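Structural features, examined
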Amino acid sequence: MKQLNLISLLLLIIILFSCSKEKKMDGVYFEKSFAGARLDSVVNLGDNEYLTYISPAFEPVNPSAYFAFTVTSKSEKDIEIQLNYGKHKHRYIPKLSTNRQSWKKIDPNNISVDTLNGTAKIKLKVSPQKIYVAAQEIETTEDTYRWVDSLIKIHPELNKIVAGKTTLNNNNYCLELKKENTKNAIVLIARQHPQEIPGGTIGFKAFYETLLSDTNIAKNFREHFNIYSFPLFNPDGADMGNWRHNAKGVDLNRDWIDFTQPETKMAKTYFENKIKQGNKLRFAIDFHTSYSGPYLLVLDSLNQTKSKYITSDWIRNIETNSHFKVQDRKRSQKLPYCYNYFYNQFGCEAVTYEDGDEVDRIIIKLKAKVYATELMKILINKIETNAFEN
């Protein structure tokens, strides 16, 4: 019996060692122990070449091969890393950072993509200085909630509430900005798909901050509209490094008809309660990122004719008052998407706001500010012209 227990202990030690979240080979260390990491295993091929295996936490999943890990080395050296996603294909230009605050795309000369096999090879100069290598900028729950708390310090009228719990029983926060006698409202939802940072974090933050700004348009808008925002709808997925899913392996933006998940159930209850309290949801935006963005998913042609034409007027204003051109893509309202839920359930016009994987981050911010400003103008005009009958 003692011998059997000893064997069991040795097996446990071997398993724990093999599952270590830090891989060391020839003085080079790969780490995946931080929030938002995604890396399965690393193989040392010799001659400073390494093969990384990256797979999604859950299947099926669309082509969104996200990765995030760090690399350090005892001494400065040049290495080559192959990114292998199994049956999936390479999508993102790697982003590099030493502090997770400032990021830059890898030099084009230091990456090659095998489009046939779907793999990529990158060249890095490594040293004792930790380098973050990620498909997109890493934004953890801690990062997002730190931003939320910084906004509250500037805008004490903001109210951060726990709207419900996630699959892993974490708090799911909603930011409310409301006036007691105001019933018209807009809704913003970000990061159902946790790693869609360009639209879901960078674009969303710039959009939201514009709504909170000190411009006359923003001040006037906030007198007429409450703003209900979920800045990080899928916090579990964000910190787990999931490509698209929540902690149960469900794509939340396909769960707005059946409502099988804690996150979407929470949203359904939250907005139904807002309606019971007399709120009128007038417009909703769901922020995402696509390889073919930027564009807006909008109501199909038939339902557009039944709307208040907020979306079409908004697009016209954007193109009239800026250099941005808007690509709108119509989708059936039968699909289980978030933006369809708001229209089908409440008659609230809504769009999916898609940014592009590799769009310049400065442009993403500028575009979001323009889009937010022009939306506020349109909605104020709808109030002034009595477009909302109830």
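My aim in this report is to walk through the structure given alongside it, one point at a time. It should be emphasised that the depicted structure is a prediction, and the values quoted were computed from it without experimental measurement. (Residues numbered from 1 in each chain as written. Predicted model: local features only at pLDDT ≥ 70, side-chain atom pairs only at ≥ 80, totals over all residues. Heavy atoms only, no water.)

1. Overview of the sheet that holds strand β4 (residues 49-53)
- Pairing within the open sheet is mixed, and its five strands lie in the order β3-β4-β6-β10-β9. Both edges of this open sheet fall to β3 (41-46) and β9 (111-114), since each of them pairs with a single strand only. The mean angle between the axes of side-by-side strands here comes to 25°, regardless of whether they run parallel or antiparallel. (Pairing = 2+ DSSP bridges. Helix = DSSP H or I, 4+ residues; strand = E, 2+ residues; numbered from the N terminus. Axes fitted to C-alpha atoms, helices over the stretch in contact; angles between N-to-C directions.)

2. Quick look at the packing of aromatic side chains
- Per the counting criterion, the structure on display carries 33 aromatic pairs.
- Look at Phe-259 and Tyr-341: their rings are 5.3 Å apart centre to centre, the planes differ by 70°, and that puts the pair in the edge-to-face class. Of the two residues, Phe-259 sits in the loop between α5 (235-240) and α6 (262-276) while Tyr-341 sits in helix α9 (residues 338-346), which places them 82 residues apart along the sequence.
- Here Phe-259 falls in the buried class, since its relative accessible area comes to 10%.
- One aromatic cluster is present, formed by Tyr-228, Phe-230, Phe-233, Trp-256, Phe-259, Tyr-270, Phe-271, Tyr-341, Phe-342 and Phe-346 through successive ring pairs.
- Stacked on the ring of Phe-259, the Lys or Arg Lys-268 has its end atom at 5.7 Å from the ring centre.
- Sitting over the face of the ring of Tyr-295, Arg-329 holds its NZ or CZ atom 3.6 Å from the ring centroid. (Phe/Tyr/Trp six-rings, centres within 6.5 Å; stacked < 30°, edge-to-face > 60°. Buried < 20%, exposed > 50% of the residue type's maximum accessible area, 1.4 Å probe, protein only. Lys NZ or Arg CZ within 6 Å of the ring centre and 35° of its normal.)

3. Thoughts on the sheet that holds strand β14 (residues 184-190)
- Taken in spatial order, the eight strands make up an open sheet running β12-β13-β15-β14-β16-β19-β17-β18, and their pairing is mixed. Here the strands that pair on one side only, and so sit at the sheet edges, are β12 (159-165) and β18 (328-330). Sheet twist, expressed as the average angle between the axes of neighbouring strands with direction ignored, equals 25°.
- Two strands pair when backbone bridges link them, and β12 and strand β13 (residues 171-177) are joined in this way by six bridges, in the antiparallel orientation. The residue bridging Lys-160 from the neighbouring strand is Leu-175, located in β13.
- Packed on one face of the sheet, helix α3 (residues 197-211) meets β13, β14, β15 (226-230), β16 (280-290) and β19 (349-356) and runs near 140° to β16. (Contact = heavy atoms within 4.5 Å.)

4. Here's the deal with the nonpolar core
- Counting residues in each nonpolar core, the largest one holds 41 residues, and the members touching the most others are Phe-207, Tyr-208, Ile-285 and Trp-314.
- Apart from residues lying up to four places away in sequence, Trp-314 is in contact with Phe-207, Phe-283, Ile-285, Leu-296, Val-351, Tyr-371, Glu-374, Leu-375 and Ile-378. (Core = buried A, V, L, I, M, F, W, Y, C linked by side-chain atoms within 4.5 Å.)

5. Regarding the pairing of strand β6 (residues 77-84)
- Most of β6 is tucked away: six of the eight residues are buried.
- Bridge count between β6 and strand β10 (residues 119-126): seven bridges; the pairing is antiparallel. Residue pairing in the sheet places Glu-80 in a bridge with Lys-123 of β10.

6. Describing the packing of helix α8 (residues 310-321) against helix α10 (residues 361-384)
- Direction vectors running N to C along α8 and α10 enclose 130°, while the axes themselves pass 9 Å from each other. Between α8 and α10, the angle falls in the class oblique. The interaxial crossing formed by α8 with α10 has right-handed handedness. Along the contact surface, α8 presents Ile-310, Asp-313, Trp-314, Asn-317, Ile-318 and Asn-321, while α10 presents Val-370, Tyr-371, Glu-374, Leu-375, Lys-377, Ile-378, Leu-379 and Lys-382.
- Of the residues that constitute the contact of α8 with α10, the class distribution is eight nonpolar, two polar and four charged. (Parallel < 35°, antiparallel > 145°, perpendicular 65-115°, else oblique. Left-handed = near helix turned anticlockwise from the far one by under 90°. Nonpolar A, V, L, I, M, F, W, Y, C, P; charged D, E, K, R; others polar.)

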